[in-house]
Amino acid sequence: MGELHWGLPVIGYLFLAGMGAGAMTVSASVLLRGGGGFFGGQHFRIARYGALIAPLPLMAGTGMIVFELGTFQVGMREFDFSLLFRWINLFKTLNMSPMSIGSWVLGLCIMLSLVYAWTFLSAHARDDDTFRQLRNALAWVSIPLGIAVAVYTGILLGAMPSRPFWNSQILGLLFMLSALSTGVAGILFLYAFHRTEENNHAARHDAGYILAASDAILIGFELLVIFLFIMFAHLTVGDPAHAIAVILPGGSLAVLFWIGVVVFGLVVPALVELHHVLPRLLHQKPYLVKRWVEVAIGAMVLGGGLLLRYVIVVAGQVTGPVGI
Amino acid sequence: MSNPQPSTSRRAFVKSVAAGAAAAVGAGVTPGPVQAAVRAVQYAMVIDTRRCIGCHACSVACKAEFDVPLGETRSWVEYVEKGEYPNVSRHFLPRLCNHCSNPQCVNVCPTGATYKRAEDGIVVVDADVCIGCKYCIQACPYDVRYLHPDRGTVDKCDFCLHRVSQGLVPSCVNTCQGRARIFGDMNDPDSEVAKILATNPVTVLRQGMGTEPNVYYIAADHSDERDRRFDNHYVRVTTHRRAEERR
Ligand code: SF4
Ligand code: SF4
């Protein structure tokens with residue numbers, strides 16, 4: 001069993017950065033493509049929630065990861081400022097390391113998300129106000145940059161043959177889907193809290209419907225990618241097959257993974273979403289959902305996303321190549 | 001060796017080939033390998049495990065040489081025990097950084113703190129640049145890196161660069177009483193390592209990782225207790241490290 005060189009700060013970072021990037025991407029795509037009436041005129045409001053949420057997890061996650069740096073920890077212990085700010089070295093160079101590219105992309109993403117959020121800041125922000133052009137331009141950049149941050153968290157872990165559990169081509173895709181789904185869940189969560197009875201009924205339901213439906217689709221894809229991730233590792237011989245056993249029945253992380261991530265983090269919220277979405281989709285019935293259900297779905301998807309990062313980060317470090 | 005610097009430019013290559021061809025024409029013979037013109041120094045170590053008695057003198061010399069903190073190791077000796085009485089064996093496997101030719105640690109380092117020296121192929125960590133992100137610890141398939149608890153930066157074997165640059169051999173090599181560790185420039189055909197490499201069957205650790213290690217073993221026992229092939233055999237590996245299991 002390996003030592004856990006990367007612990008809670010990295011787990012929290014992978015989750016928060018993914019969620020922030022996901023919320024930003026979702027917000028931008030809703031802003032750019034949602035004006036067609038699907039959101040019952042609510043697309044701007046959803047985009048606004050996404051834009052306002054995004055910088056917070058992005059910055060909090062980045063702040064967390066600094067705590068994992070050896071130099072920062074020693075710097076705190078010894079009050080040594082040169083060590084505390086040693087991470088600046090990340091931005092003195094740019095090389096082909098996934099962490100180097102990721103740091104720059106993440107830095108850009110944070111700055112962009114702040115400006116993008118600023119265009120939405122006013123309570124009177126409207127789709128056709130003076131910021132419109134800037135906001136739309138930023139949204140076009142937000143989508144690729146948000147996806148880049150989400151994918152890179154998977155590449156960061158996946159780049160190493162020495163960590164067979166992580167060394168999978170599909171990990172980046174898994175993290176991207178999870179980022180988008182947790183981004184949607186974050187928006188849904190906030191949206192549910194701000195549901196007021198004064199809201200136009202149909203409109204509100206339209207927005208909730210689209211959010212829940214897209215989250216269910218994303219979770220469906222995520223389950224598919226998890227299936228592929230496990231199957232291909234399991235069907236290989238050697239290191240990947242040995243490593244994946246840690247989350248298969250009998251493995252030390254199996255319960256956490258199957259019950260925590262798959263059942264409560266993905267399957268149950270997706271089923272609840274489908275239960276509410278399908279009547280409207282199939283029978284054109286109105287979309288009705290209680291506030292606490294929306295809050296619970298959001299919380300479960302977010303919790304599942306965090307647990308997924310936990311299981312993957314730990315599993316990669318307690319397994320290794322076999323033989324010497 | 002007059003020119004130990006590697007040159008990868010096309011012009012240098014063309015020149016060296018042209019020189020070789022000219023020499024061949026001049027001498028009226030077919031050209032031999034055009035070696036010397038572009039040959040870098042690559043320090044390497046051969047560990048002849050048949051000569052290792054598991055005394056840990058190298059581990060101790062290394063700890064003393066670098067004041068390695070308690071609980072951490074730059075170089076260590078593993079014991080591999082196998083079999084049921086009376087068919088049993090015990091082998092020793094001295095370990096250190098492999099100064100790989102395709103070092104994963106270098107590929108992932110975001111700051112450039114870890115790099116492979118062009119002049120001698122030694123992989124080093126610049127402790128003034130390293131931020132302690134531990135990416136390289138994750139990426140090294142041999143688990144030879146550790147976070148220095150007092151500095152917060154990563155540390156590992158550097159083939160005793162301070163000694164080697166003065167023409168001495170690394171401290172572990174110097175102290176090995178069985179002469180199990182042999183050190184030198186493997187690209188110099190007259191060096192002892194080059195001769196041993198040419199005349200012995202050698203292996204490297206975890207060849208499948210693609211890191212192209214420059215530490216070679218003679219008669220190493222590659223058994224691992226986690227290898228399922230050995231499920232029905234007694235295999236025990238003692239690492240003599242804080243991390244009691246191999247990663
Ligand atoms: S053994 Fe590990 S630390 Fe040493 S050069 Fe190879 S990958 Fe890097
Ligand atoms: S811990 Fe230091 S040497 Fe290792 S990858 Fe990070 S910056 Fe580079």
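Residues numbered from 1 in each chain as written. Chains lettered and ligands numbered in written order. Predicted model: local features only at pLDDT ≥ 70, side-chain atom pairs only at ≥ 80, totals over all residues. Heavy atoms only, no water.

Residue and element names in this part refer to chain A. There is about 410 Å³ of room inside the largest pocket. Along the walls of the largest pocket sit 23 residues, with T62, I65, V66, L90 and S103 positioned nearest its centre. Secondary structure elements with two or more residues in the lining of the largest pocket: α1 (8-33), α3 (55-66), α6 (98-118) and α7 (132-158). With 5 residues, α6 is the largest single contributor of residues to the lining of the largest pocket. (1 Å grid on protein atoms, 1.4 Å probe; cavity = no way out; pocket = protein on both sides within 12 Å on 5 of 7 lines; lining within 4 Å. Points joined across faces, edges and corners; volume = space filled by probe spheres on them. Helix = DSSP H or I, 4+ residues; strand = E, 2+ residues; numbered from the N terminus.)

A separate point is the site of ligand 2. Contacts to ligand 2 come from 13 residues, most closely from C109, T114, C130, C133 and C136 of chain B. In terms of residue class, the shell around ligand 2 is made up of 9 nonpolar, 3 polar and 1 charged. (Near = heavy atom within 4 Å. Nonpolar A, V, L, I, M, F, W, Y, C, P; charged D, E, K, R; others polar.)

Relative to the assigned elements, D185 of chain B resides in strand β8 (residues 181-185). Apart from residues lying up to four places away in sequence, D185 of chain B is in contact with A40, V41, Q42, Y43, S191, V193 and A194 of chain B. (Contact = heavy atoms within 4.5 Å.)

Another point: helix α2 (residues 43-53) of chain A. By the criterion of burial, α2 of chain A is predominantly enclosed, with 8 of the 11 residues buried. For α2 of chain A, the full list of buried residues reads H43, F44, I46, A47, Y49, G50, A51 and I53 of chain A. (Buried < 20%, exposed > 50% of the residue type's maximum accessible area, 1.4 Å probe, protein only.)

Opposite charge on two side chains allows them to pair when their charged atoms are near. Across all of its chains, the model carries 21 salt bridges over all chains by this definition. Here R126 of chain A and D128 of chain A are joined by a salt bridge, their closest N and O atoms 3.1 Å apart. What makes D128 of chain A exposed here is its relative accessible area of 51%. Put simply, D224 of chain B and R226 of chain B hold a salt bridge, and the shortest N to O gap is 3.7 Å. The burial state of D224 of chain B is the same as that of R226 of chain B; both residues are buried. When salt bridges that share partners are traced, they join E78, R95, D224, R226 and R246 of chain B into one network. (Salt bridge = Lys/Arg side-chain N within 4 Å of Asp/Glu carboxyl O.)

So, on to the site of ligand 1. Every one of the 14 residues lining ligand 1 counts as a neighbour, but C97, C100, C105, C140 and R145 of chain B are closest to it. In terms of residue class, the shell around ligand 1 is made up of 9 nonpolar, 3 polar and 2 charged.

By size, the foremost hydrophobic cluster in this structure holds 106 residues, and its most contacted members are L157, F165, I247, F257 and I312 of chain A. Per-element accounting of this core gives the leading share, 16 residues, to α1 of chain A. The next biggest cluster of nonpolar side chains, apart from the first, holds 34 residues, and it includes C52, L93, V144 and V164 of chain B. (Core = buried A, V, L, I, M, F, W, Y, C linked by side-chain atoms within 4.5 Å.)

Residue and element names in this part refer to chain B. Model confidence for chain B is summarised by a mean pLDDT of 88, while 84% of its residues fall at 70 or above. Between residues 1-37, whose pLDDT stays under 50, and residues either more than four places distant or in other chains, the model counts 20 contacts. We note a pTM of 0.90 for the whole complex and an ipTM of 0.93 for its interfaces. (pLDDT = per-residue confidence, 0-100.)

This brings us to the state of the cysteines. Under the definition given, this model contains 0 disulfides over all chains. Residue C62 of chain B stays outside any disulfide, its sulfur separated by 6.6 Å from that of C160 of chain B, the closest cysteine. (Disulfide = S-S within 2.5 Å.)

So, about the interface of chain A and chain B. Chain A puts 39 residues into the contact, and the matching count from chain B is 44 residues. For the pair chain A and chain B, the summed buried area comes to about 3300 Å², and 54% of that belongs to carbon and sulfur atoms. Between chain A and chain B we count 1 salt bridge in total. Note that K134 of chain B is salt-bridged to E68 of chain A, the shortest N-O span being 2.9 Å. (Buried area = accessible area lost by both parts, 1.4 Å probe.)

What follows is about the packing of aromatic side chains. Overall, the coordinates contain 17 aromatic pairs over all chains when judged by the stated rule. Between W6 of chain A and Y135 of chain B, the ring centres sit 5.6 Å apart and the planes meet at 40°, which makes this aromatic pair tilted. Taken together, the positions of W6 of chain A in the segment before α1 and Y135 of chain B in helix α4 (residues 135-139) put the pair across two chains. Judged by relative accessible area, Y135 of chain B falls into the buried class, the value being 0%. A centroid spacing of 5.0 Å and a plane angle of 85° characterise the contact between F159 of chain B and F183 of chain B, whose relative ring orientation is edge-to-face. Residue F159 of chain B is located in the loop between β7 (154-155) and α5 (161-164), and its partner F183 of chain B is located in strand β8; the two are separated by 24 residues in the primary sequence. Residue classification places F183 of chain B among the buried positions, given a relative accessible area of 13%. (Phe/Tyr/Trp six-rings, centres within 6.5 Å; stacked < 30°, edge-to-face > 60°.)

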